[in-house]
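For reference, the chains in residue letters:
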Amino acid sequence: MTNGHALVLGGGGVAGIAWTTGLLVGLAENGHDLTGAELIVGTSAGSAVAAQLGSGLPPAELLARQTEPALQAAEIPAEIDFEKFGQDFAAAFADPSDFGEVRRRIGKLALATETVSEADRRATVASRLPSHEWASRRIVLVAVDAETGEPVQFDRTSGVSLVDAVAASCAVPGIWPPVTIGGRRYIDGGIRSGENADYAAGFARVTIVAPLGVDSPLPTDKPLAVVVEELRAGGAEVAVIAPDEASVAAIGANPLDPATRAPAAFAGRAQGAALTPTWT
């Protein structure tokens, strides 16, 4: 057991990036600064926040990048046919007894879907990050190999650029293109788990931020409730933070909509400012 703190940041689209940023700022203003954690595990939206925290910019400046139009990244609006998207994912999860096979089916879907170009999507992700260099602190970003279905943890020792690692972790299947790294194609780490909190095992204190809530919208072999109990059984004190009612309303039905950024960020800040995390 490591006598340290691990901060786990889950997925949730551009709204999740904004809400998590606001939440962390509000918590810090309330005397609970979590940004100095010894390990940050980032998945999808959480990978972008993790990289932003590693840039060294003060949290207040990171918040401004979510709320001030002149500082916001130039996001590509996601064109989503929610009915088809739901049908495709339902087909992939038709037999969830083998989650490796489920991930391979989703990877096949991602590889076959026409999207914006990989270069254009990479440029968008790059514009989100104040620094394109890995921080010296330990940051782990989670993605999934589109062909094998195997998860991968990218960090500063992986020989992979920070932009590519974040882009891979954020590559929502069927919406954004898989990311090519070393001849392999990678998709969103949220396909394994919305938080991948089990990668924080071994730390004495774990804080899990779940922008999409504690109940995964997709079947997974790593349900958050189960992982939390496993972490506690291993000796960790764990706190899970999900959006409150006002934050859920601000995030809205489409967390990929860039218009959600400012409302989600402000709601997250208000929630954090009123929150005292409890680790049990």
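Reference entry: report on the structure contained in this document. Quantities reported herein were computed from a predicted structural model and do not represent experimental measurements. (Residues numbered from 1 in each chain as written. Predicted model: local features only at pLDDT ≥ 70, side-chain atom pairs only at ≥ 80, totals over all residues. Heavy atoms only, no water.)

1. What to know about the overall build of the protein
For clarity, the threshold we go by: In this text, helices come from DSSP runs of H or I with a minimum length of four residues, and strands from runs of E with a minimum of two, each type numbered from the N-terminal end. The rule is simple: take the accessible area with a 1.4 Å probe, protein chains only, and divide by the maximum for that residue type; under 20% is buried, over 50% is exposed, in between is partly exposed. The contact criterion used is simple: two residues touch if any of their non-hydrogen atoms lie within 4.5 Å. Note that accessible areas follow from Shrake-Rupley with a 1.4 Å probe, and for residues the cover is restricted to the protein chains shown. Lys and Arg are tallied as positive, Asp and Glu as negative. Neither His nor the chain termini are counted. Every charge is mapped to an atom, namely NZ of Lys, CZ of Arg, CG of Asp or CD of Glu.
Within the protein, the regular secondary structure consists of 10 helices and 8 strands. A principal-axis box enclosing the C-alpha atoms of the protein has dimensions of 45 × 45 × 40 Å. Burial statistics for the protein: of 280 residues in total, 53% are counted as buried. At a minimum sequence separation of 6, the contacts of the protein that also span at least 24 residues come to 78%. Counting every atom, the protein has about 11600 Å² of accessible surface; 52% of that belongs to carbon and sulfur. Considering the protein, the positive charge centre built from 20 side chains and the negative charge centre built from 33 side chains are found 4 Å apart.

2. Examining the packing of helix α3 (residues 59–67) against helix α10 (residues 261–273)
Put simply, the rule reads: Note on geometry: axes are C-alpha line fits, over the in-contact stretch for helices, and angles between N-to-C directions span 0 to 180 degrees. Note on residue categories: nonpolar means Ala, Val, Leu, Ile, Met, Phe, Trp, Tyr, Cys or Pro, charged means Asp, Glu, Lys or Arg, and polar means any other residue, Gly included.
It is the contact of α3 with α10, at a shortest axis distance of 8 Å, that shows an interaxial angle of 145°. On α10, the residues touching Leu63, Gln66 and Thr67 of α3 are Arg261, Ala262, Ala265, Phe266 and Arg269. A breakdown of the residues in the contact of α3 with α10 according to their chemical character gives 4 nonpolar, 2 polar and 2 charged.

3. Re the side chain of Asp155
Formally: Salt-bridge detection follows one rule: a side-chain nitrogen of Lys or Arg within 4 Å of a carboxyl oxygen of Asp or Glu. What qualifies as a polar contact is a pair of N or O atoms within 3.5 Å, subject to a donor-acceptor requirement within protein and to the restriction that residues adjacent in sequence count only when both atoms come from side chains.
Secondary-structure assignment places Asp155 in the loop between β4 (151–154) and α7 (162–169). For the buried Asp155, no salt bridge is present, and the opposite-charge side chain at shortest range is Arg138, 5.0 Å distant. Engagement of the side chain of Asp155 in a polar contact is seen with the side chain of Thr157, the distance being 2.6 Å. When residues no more than four places from it in sequence are discounted, the contact partners of Asp155 are Trp134 and Ile139.

4. Some remarks on the nonpolar core
Keep this limit in mind: Joining through side-chain atoms within 4.5 Å is the link that ties buried Ala, Val, Leu, Ile, Met, Phe, Trp, Tyr and Cys residues into a set, and such a set is a nonpolar core.
One finds Leu7, Leu9, Leu53, Leu141, Phe154 and Val166 to be the most contacted residues of the largest nonpolar core, which totals 49 residues. For this core, the element with the highest residue contribution is helix α1 (residues 13–29), accounting for 8 residues. What Phe154 contacts, discounting residues up to four positions off in sequence, is Trp134, Ile139, Val140, Leu141, Ala143, Val160, Ala165, Ala168, Ile181 and Tyr186. The next biggest cluster of nonpolar side chains, apart from the first, holds 19 residues, and it includes Leu39, Tyr199, Phe203 and Val206.

5. A closer look at empty space enclosed by the protein
Spelled out, the test is: Think of a 1 Å grid over just the protein atoms. A cavity is a set of points where a 1.4 Å probe fits yet cannot get out, a pocket is an open set with protein on both sides within 12 Å along at least five of seven lines, and lining residues have an atom within 4 Å of a point. Grid points are joined across faces, edges and corners, and a volume is the space filled by probe spheres set on the points.
Considering all chains together, one arrives at 4 cavities of 30 Å³ or more under this definition. Quantified by volume, the largest cavity comes out at close to 90 Å³. Going through the elements one at a time, α1, α3 and α6 (118–128) are the ones with two or more residues in the lining of the largest cavity. Residues that form the lining of the largest cavity fall into these classes: 4 nonpolar, 4 polar and 4 charged.

6. Observations concerning the pairing of strand β3 (residues 138–145)
This is how it is decided: Strand pairing is assigned whenever DSSP detects at least two bridges linking the two strands.
Within β3, 7 of the 8 residues are buried, leaving the element largely enclosed by the surrounding structure. Inspection of the sheet shows strand β2 (residues 39–43) paired to β3 by 5 bridges, in the parallel sense. Bridged to Ile40 within β3 is Ile139. Here 4 bridges tie β3 to β4, and the two strands are oriented antiparallel to one another. Residue pairing for β4: Val144 is matched across the bridge by Pro151. Between the end of β3 and the start of β4, which pair antiparallel, lie 5 residues, with Gly149 showing a positive phi angle near 75°. Direction of pairing for β3 relative to strand β6 (residues 184–188): antiparallel, over a ladder of 3 bridges. Across the sheet, Ala143 pairs through a bridge with Asp188, a residue of β6.

7. Some details on the layout of surface pockets
Computed from the structure, the largest pocket encloses a volume of approximately 930 Å³. Residue lining of the largest pocket: 46 residues in total, with Phe85, Val172, Leu212, Pro217 and Leu218 positioned closest to the centre. Listed by contribution, the elements that provide at least two residues to the lining of the largest pocket are α1, α4 (82–92) and α6. Broken down by element, the residue count for the lining of the largest pocket peaks at 4 residues, all from α4. Among the residues making up the lining of the largest pocket, the classes are represented as 25 nonpolar, 13 polar and 8 charged. The volume enclosed by the second largest pocket comes to roughly 160 Å³. If you trace the second largest pocket, you find 13 residues lining it, with Lys84, Phe85, Asp88, Thr113 and Gly174 closest to the centre. It is α4 that provides the largest number of residues to the lining of the second largest pocket, a total of 4 residues.

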